[in-house]
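Coordinate analysis (summary)
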Amino acid sequence: MKKINIKFGDKLVSVDEKITLEDFLKHQKVDTRNVATSVNADLVLKDKRKDKVLKEKDHVNIFGPITGG
């Protein structure tokens, strides 16, 4: 299968073409229960990760819970 390059945080990662965000996070061993995700600065809701197919040069970020007052 063809590979694509995406940015995950600060590092460049080579992955299979047509990988979903959900599968990518599993391969990276990310515990997704309490994190938010974005691709190219666009928020991807938890229930949409399985539908979001990553493309060449996408930039994936994860965010932990934010508390404050």
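Reference entry: report on the structure contained in this document. (Residues numbered from 1 in each chain as written. Predicted model: local features only at pLDDT ≥ 70, side-chain atom pairs only at ≥ 80, totals over all residues. Heavy atoms only, no water.)

Things to note about the sheet that holds strand β5 (residues 59–63)
- With mixed pairing, five strands are arranged side by side in an open sheet as β2-β1-β5-β3-β4. With one partner strand each, in any of the chains shown, β2 (11–16) and β4 (42–44) form the two edges of the open sheet. Shown here is a sheet whose adjacent strand axes are inclined to one another by a mean of 35°, direction ignored.
- Bridge count between strand β3 (residues 36–39) and β5: four bridges; the pairing is antiparallel. Across the sheet, residue Thr37 finds its bridge partner in β5, namely Ile62. (Pairing = 2+ DSSP bridges. Helix = DSSP H or I, 4+ residues; strand = E, 2+ residues; numbered from the N terminus. Axes fitted to C-alpha atoms, helices over the stretch in contact; angles between N-to-C directions.)

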